[in-house]
Amino acid sequence: MTHQSEVTKVKRGILYCTYNGVCNNTNGIGRQTKTLLGGMDKRRADIESEFGSFALDVAFPAPGSQTLAYNEDDLLWAQRIVKNMGGRLFGLPSGATSGLWSVDTWEALSKEAAEAAIRFSKEVDELAVIAVDTPFAGVSRYIADSARPYGAHIKTVHALYSTDAIHGTRPTTGRRAWEQECIEHVNGSRHAWVADIGQFFTSHLRDVYGLRTDRLIPFRSSLDLASCDLQACGQEEARRTVAKWGVPTDRPIVLSFGRADPIKGVDTLIRALGPLRDQVHLALVAVPYSHSGPILDEYRRLIAEHGVRATLVPRFTRELPRALCALEETRIVACTSLGEPLANVPFEVAMWARNGGPVVVAPACDGFLEQIEDGQTGLFYAPTEAGSLTDAIRRALNYSIEETRKICQSAHEKVARDRDIVPNLVESLHHLWGRRL
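Predicted model only: the values in this text are computed from it and were never measured.

A. Geometry of the environment of Thr 241. With respect to the helices, strands and loops of the structure, Thr 241 is situated in helix H7 (residues 235-244). Each C-alpha atom of the pair Thr 241 and Leu 320 lies 6.4 Å from the other, and the pair is 79 residues apart in sequence.

B. Representation of the environment of Glu 123 in the model. When you line up the elements, Glu 123 lands in the loop between helix H3 (103-121) and strand E5 (126-132). Taking the C-alpha atoms as reference points, Glu 123 and Gly 13, 110 residues apart in sequence, are found 8.6 Å from one another.

C. Main features of the environment of Glu 329. Mapped onto the elements of the fold, Glu 329 is located in the loop between helix H10 (319-324) and strand E12 (330-334). Sequence-wise, Glu 329 and Arg 251 are 78 residues apart; in three dimensions their C-alpha atoms are separated by 7.0 Å. Residues contacting Glu 329, with those up to four places away along its chain left out, are Arg 239, Thr 249, Arg 251, Pro 252 and Ile 253.

D. Representation of the packing of helix H11 (residues 345-352) against helix H14 (residues 401-418) in the model. Interaxial distance between H11 and H14 falls to 8 Å at its minimum, and their mutual angle equals 115 degrees. Looking at the two axes, H11 sits roughly perpendicular to H14. Crossing of H11 against H14: the hand is left-handed. Where H11 approaches H14, its residues Phe 347, Ala 350 and Met 351 are matched on the opposing element by Ala 411, His 412 and Val 415. Class assignment of the residues belonging to the contact of H11 with H14 gives a composition of five nonpolar, one polar and no charged.

E. Molecular detail of H7. Turning to H7, its buried residues number three or more, namely Ala 238, Thr 241 and Val 242. Projected down its long axis, H7 carries its buried residues within an arc of 95 degrees, all on one side. Exposed residues lying more than 90 degrees from the buried face of H7 are Glu 236, Arg 240, Ala 243 and Lys 244. On the buried face of H7, the contacting elements are H10. One or two residues past the end of H7 sits Gly 246, with phi positive at roughly 75 degrees.

F. Highlighting the packing of aromatic side chains. Scanning the entire structure with this criterion turns up six aromatic pairs. Relative to Trp 106, the ring of Trp 101 has its centre 5.4 Å away and its plane inclined at 85 degrees; by these criteria the two rings are edge-to-face. The class for Trp 101 is partly exposed, based on a relative accessible area of 33%. Exposure remark for Trp 106: the relative accessible area of 0% places this residue in the buried category. Geometrically, the ring pair formed by Phe 257 and Trp 352 is tilted, given 6.0 Å between the ring centres and 45 degrees between the ring planes. Here Phe 257, found in strand E9 (residues 253-259), pairs with Trp 352, found in helix H11; they are 95 residues apart in sequence, far enough to count as distant. Judged by its relative accessible area of 16%, Phe 257 falls in the buried class. Taking relative accessible area as the criterion, Trp 352 reaches 1% and is therefore assigned buried. An aromatic cluster of three or more residues is present, and its members are Tyr 19, Trp 101, Trp 106 and Trp 178. A cation sits over an aromatic face here: Arg 141 above Tyr 142, 5.4 Å from the ring centre. Lying over the aromatic face of Trp 178, Arg 141 brings its terminal NZ or CZ to 5.2 Å of the ring centre.

G. Highlighting the pairing of strand E2 (residues 12-17). Most of E2 sits inside the fold, with six of its six residues counted as buried. Residues Arg 12, Ile 14 and Tyr 16 line one face of E2 and the alternating positions Gly 13, Leu 15 and Cys 17 line the opposite face, and both faces are buried. Inspection of the sheet shows E2 paired to strand E3 (residues 54-61) by six bridges, in the parallel sense. The residue bridging Cys 17 from the neighbouring strand is Ala 59, located in E3. You can see the chain leave E2, run along helix H1 (residues 28-51) and come back into E3, and the turn it takes is right-handed. As paired strands, E2 and E5 are joined by six bridges and run parallel to one another. Looking across to E5, one finds that Leu 15 is bridged to Val 129.

H. Layout of empty space enclosed by the protein. Tallying each qualifying case throughout the model produces two cavities of 30 Å³ or more. A volume near 100 Å³ is recorded for the largest cavity. Lining the largest cavity we find Tyr 16, Gln 32, Leu 36, Tyr 161, Phe 219, Arg 220, Ser 222, Ile 421, Asn 424, Leu 425 and Ser 428. No other element matches helix H15 (residues 421-433), which puts four residues into the lining of the largest cavity. Along the lines of polarity and charge, the residues of the lining of the largest cavity split into six nonpolar, four polar and one charged. As a volume, the second largest cavity reaches approximately 40 Å³. What lines the second largest cavity is simply Thr 26, Leu 68, Arg 259, Val 287, Pro 288 and Tyr 289. When its residues are assigned to classes, the lining of the second largest cavity shows four nonpolar, one polar and one charged.

Calculation rules
- Residues numbered from 1 in each chain as written.
- Predicted model: local features only at pLDDT ≥ 70, side-chain atom pairs only at ≥ 80, totals over all residues.
- Heavy atoms only, no water.
- Helix = DSSP H or I, 4+ residues; strand = E, 2+ residues; numbered from the N terminus.
- Contact = heavy atoms within 4.5 Å.
- Axes fitted to C-alpha atoms, helices over the stretch in contact; angles between N-to-C directions.
- Parallel < 35°, antiparallel > 145°, perpendicular 65-115°, else oblique.
- Left-handed = near helix turned anticlockwise from the far one by under 90°.
- Nonpolar A, V, L, I, M, F, W, Y, C, P; charged D, E, K, R; others polar.
- Buried < 20%, exposed > 50% of the residue type's maximum accessible area, 1.4 Å probe, protein only.
- Arc of directions from axis to C-beta.
- Phe/Tyr/Trp six-rings, centres within 6.5 Å; stacked < 30°, edge-to-face > 60°.
- Lys NZ or Arg CZ within 6 Å of the ring centre and 35° of its normal.
- Pairing = 2+ DSSP bridges.
- Right-handed = clockwise from strand over helix to strand, strands pointing away.
- 1 Å grid on protein atoms, 1.4 Å probe; cavity = no way out; pocket = protein on both sides within 12 Å on 5 of 7 lines; lining within 4 Å.
- Points joined across faces, edges and corners; volume = space filled by probe spheres on them.

Spatial relationships are all this shows, so hold off on functional conclusions.
Okay, here's the thing in structure tokens:
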């Protein structure tokens, strides 16, 4: 599937390659896609004031039976923005039936994206390719193999957000070698870089994969601060939404939301709430890869075993977490990942709870260490110490409403200062393009 608009001749172009956020929105990759498109839609003039006019193309896996949570409204929204940017939307064939997470699929997607980049490069003087995460880790290699004589003005940034070596990641056959090939190519290339998304993950890529420090470009995980779905929810709307989803508000609420995946550590949270079973209600939004998977049954078993009062929502929703984060009754958002390069949840909660709401409780490890200041913008627990998570939750429950509101305000100020998509994207593009041609 390809959307073609009338393309005005421009000197520069961006090809954004992603596997989530165009026709669905189920994870952090999807949020980053929405952030980029939303920022381009509302604040394009701010970017063009730095670089002049440019076109935006977006490449993504063509929708099919393997697409998780396909949403036609998402697709129409992306089409409108890309068309307004004078660009094209490419649905890439993967040629595989084994799902997204296989090397065969990644090879097909990377080759197709490289071919799209080469075609695009013939229309512009400079092309920036942003290749998002492992499925597109082969893009710069395939461009280098095929792009002559156009390859010199194609510059690729590999925006990796996780790897096979991150603690708690489910192993995928061949993934480590695929990622290693990407890093080794970047190390030896004059036209490819890796995104510096944060201190922890960059150190991880250096230590485990041998990434050279001089092959990094700043590329902060960001938010479209003006996005409607990141604004604080009004009290009446919040209470209607929470009631609609059947979440009681007669006890302090502990909220957890995200993928139903072992790496998210939800089992750890449920066990930690056992000693507090008479004090709290767990609102758990856990989205499985497959409704026939056993992980939801495991959550239900643990909830019953530990006597935790809970509402389990096994499908994707943003309106419920947004609404819950507006209520004083929601005291905690628990982030319990076993491994997390840089989580979107603390950023989103900071936006939703800016007027008062829950405090983020997270493990003192990985990317959380650069996202949260303990006692100032959230709370830490020691992930290897028994009872530490329970103690951190109890600590948050003992805060007064005023103390909680102060933490929420500090968290919002930090996110608004550091995570705005437009200045962050401009900084990244300066490293690729310099200034206006």
